[in-house]
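# Chains, contacts and geometry: an overview
Chain by chain, the residues run as shown.
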Amino acid sequence: MNVSGPPLLRRFRPHSIRGRITVLITALATLLLIPTGILGSMLARQAFSTAVWLDARQEAALTAAAWRAGHFRHIITPQVAGIDLVQVVAPNRRVLAASPAARGRPPLTSF
(Lines give C-alpha, C1' and ligand atoms only; values in the text may rest on other atoms or scores of the structure.)
Protein backbone atom coordinates (compact mmCIF):
# COMPACT_ATOMS: atom_id res chain seq x y z
CA MET A 1 0.00 0.00 0.00
CA ASN A 2 1.50 3.30 -1.09
CA VAL A 3 0.05 6.23 0.87
CA SER A 4 1.47 9.66 0.18
CA GLY A 5 2.13 12.33 2.79
CA PRO A 6 4.14 12.59 5.98
CA PRO A 7 4.03 9.60 8.36
CA LEU A 8 2.18 11.59 11.03
CA LEU A 9 -0.70 12.43 8.67
CA ARG A 10 -0.87 8.83 7.45
CA ARG A 11 -1.25 7.67 11.02
CA PHE A 12 -4.29 9.90 11.78
CA ARG A 13 -5.97 9.71 8.38
CA PRO A 14 -9.26 7.79 8.66
CA HIS A 15 -9.37 4.67 6.54
CA SER A 16 -13.15 4.13 6.44
CA ILE A 17 -15.69 6.23 4.57
CA ARG A 18 -17.52 6.81 7.85
CA GLY A 19 -14.36 8.24 9.41
CA ARG A 20 -13.69 10.47 6.41
CA ILE A 21 -17.25 11.83 6.44
CA THR A 22 -16.98 12.47 10.20
CA VAL A 23 -13.77 14.47 9.70
CA LEU A 24 -15.35 16.44 6.83
CA ILE A 25 -18.53 17.26 8.78
CA THR A 26 -16.49 18.26 11.84
CA ALA A 27 -14.34 20.60 9.73
CA LEU A 28 -17.40 22.16 8.04
CA ALA A 29 -19.20 22.60 11.36
CA THR A 30 -16.13 24.30 12.83
CA LEU A 31 -15.79 26.62 9.85
CA LEU A 32 -19.46 27.60 10.10
CA LEU A 33 -20.05 27.71 13.86
CA ILE A 34 -17.02 29.75 14.94
CA PRO A 35 -17.85 32.80 12.74
CA THR A 36 -21.54 32.46 13.63
CA GLY A 37 -20.70 32.49 17.34
CA ILE A 38 -18.46 35.53 16.97
CA LEU A 39 -21.13 37.39 14.98
CA GLY A 40 -23.84 36.48 17.51
CA SER A 41 -21.66 37.71 20.36
CA MET A 42 -21.02 41.01 18.61
CA LEU A 43 -24.72 41.53 17.89
CA ALA A 44 -25.71 40.72 21.48
CA ARG A 45 -23.11 43.16 22.83
CA GLN A 46 -24.36 45.90 20.50
CA ALA A 47 -28.00 45.28 21.49
CA PHE A 48 -27.14 45.40 25.19
CA SER A 49 -25.10 48.59 24.75
CA THR A 50 -27.94 50.25 22.85
CA ALA A 51 -30.50 49.26 25.50
CA VAL A 52 -28.34 50.65 28.32
CA TRP A 53 -27.76 53.89 26.38
CA LEU A 54 -31.50 54.34 25.74
CA ASP A 55 -32.31 53.71 29.44
CA ALA A 56 -29.70 56.28 30.49
CA ARG A 57 -31.08 58.85 28.03
CA GLN A 58 -34.63 58.25 29.28
CA GLU A 59 -33.55 58.70 32.92
CA ALA A 60 -31.63 61.86 32.00
CA ALA A 61 -34.68 63.34 30.26
CA LEU A 62 -36.98 62.50 33.19
CA THR A 63 -34.51 63.89 35.74
CA ALA A 64 -33.96 67.09 33.75
CA ALA A 65 -37.72 67.66 33.41
CA ALA A 66 -38.29 67.07 37.14
CA TRP A 67 -35.38 69.38 38.03
CA ARG A 68 -36.73 72.17 35.81
CA ALA A 69 -40.20 71.74 37.35
CA GLY A 70 -38.66 71.94 40.85
CA HIS A 71 -39.93 68.55 42.05
CA PHE A 72 -36.86 67.74 44.15
CA ARG A 73 -34.02 69.56 45.82
CA HIS A 74 -31.12 67.29 46.83
CA ILE A 75 -32.24 63.65 46.56
CA ILE A 76 -33.10 62.11 43.19
CA THR A 77 -35.19 58.96 42.95
CA PRO A 78 -34.30 57.13 39.71
CA GLN A 79 -37.41 56.31 37.67
CA VAL A 80 -35.93 53.87 35.11
CA ALA A 81 -35.19 50.31 36.24
CA GLY A 82 -31.50 49.47 36.23
CA ILE A 83 -30.31 53.07 36.54
CA ASP A 84 -28.89 53.76 40.00
CA LEU A 85 -26.30 56.52 39.61
CA VAL A 86 -27.97 59.87 38.80
CA GLN A 87 -26.56 63.34 39.41
CA VAL A 88 -27.48 66.92 38.56
CA VAL A 89 -24.22 68.83 38.09
CA ALA A 90 -23.81 72.60 37.78
CA PRO A 91 -21.58 74.13 35.07
CA ASN A 92 -18.89 74.69 37.73
CA ARG A 93 -18.83 70.85 38.27
CA ARG A 94 -20.60 71.07 41.65
CA VAL A 95 -23.09 68.26 42.33
CA LEU A 96 -26.48 69.89 43.04
CA ALA A 97 -28.50 66.70 43.58
CA ALA A 98 -27.81 62.98 43.49
CA SER A 99 -29.52 59.63 43.84
CA PRO A 100 -28.78 57.67 47.04
CA ALA A 101 -26.28 55.46 45.17
CA ALA A 102 -24.42 58.51 43.78
CA ARG A 103 -24.50 60.60 46.95
CA GLY A 104 -21.05 61.67 48.12
CA ARG A 105 -19.36 60.91 44.79
CA PRO A 106 -17.62 63.50 42.63
CA PRO A 107 -19.24 64.33 39.28
CA LEU A 108 -19.55 61.10 37.29
CA THR A 109 -18.73 62.75 33.96
CA SER A 110 -17.13 65.90 32.63
CA PHE A 111 -19.87 66.38 30.01
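## Quick word on a nonpolar patch on the surface
- Taken together, the side chains of Ile17, Ile21, Leu24, Ile25, Leu28 and Leu31 present a nonpolar region at the surface, about 620 Å² in accessible area.
- Counting through the fold element by element, Ile21 comes out in helix 2 (residues 17-69).
- Taking relative accessible area as the criterion, Ile21 reaches 45% and is therefore assigned partly exposed.

## Quick look at the environment of Thr63
- Within the secondary structure layout, Thr63 lies in helix 2.
- Thr63 sits in the buried class, given a relative accessible area of 8%.
- Note: C-alpha distance between Thr63 and Pro78 (15 residues apart in sequence) is 7.8 Å.
- Apart from the residues within four sequence positions on either side, Thr63 is in contact with Phe72, Ile76, Val86 and Val88.

## Looking at the confidence of the model for the protein
- Residues at a pLDDT of 70 or more form 90% of the protein, whose mean pLDDT is 88.
- Here helix 1 (residues 7-12) is the element of the protein with the lowest mean pLDDT, 66, and helix 2 is the one with the highest, 94.

Scoring rules and cut-offs
- Residues numbered from 1 in each chain as written.
- Predicted model: local features only at pLDDT ≥ 70, side-chain atom pairs only at ≥ 80, totals over all residues.
- Heavy atoms only, no water.
- Patch = residues over 30% accessible without salt bridge, like charges linked within 9 Å, V, L, I, M, F, W, Y side chains within 5 Å.
- Areas by Shrake-Rupley, 256 points an atom, 1.4 Å probe, with all protein chains shown as cover.
- Salt bridge = Lys/Arg side-chain N within 4 Å of Asp/Glu carboxyl O.
- Helix = DSSP H or I, 4+ residues; strand = E, 2+ residues; numbered from the N terminus.
- Buried < 20%, exposed > 50% of the residue type's maximum accessible area, 1.4 Å probe, protein only.
- Contact = heavy atoms within 4.5 Å.
- pLDDT = per-residue confidence, 0-100.

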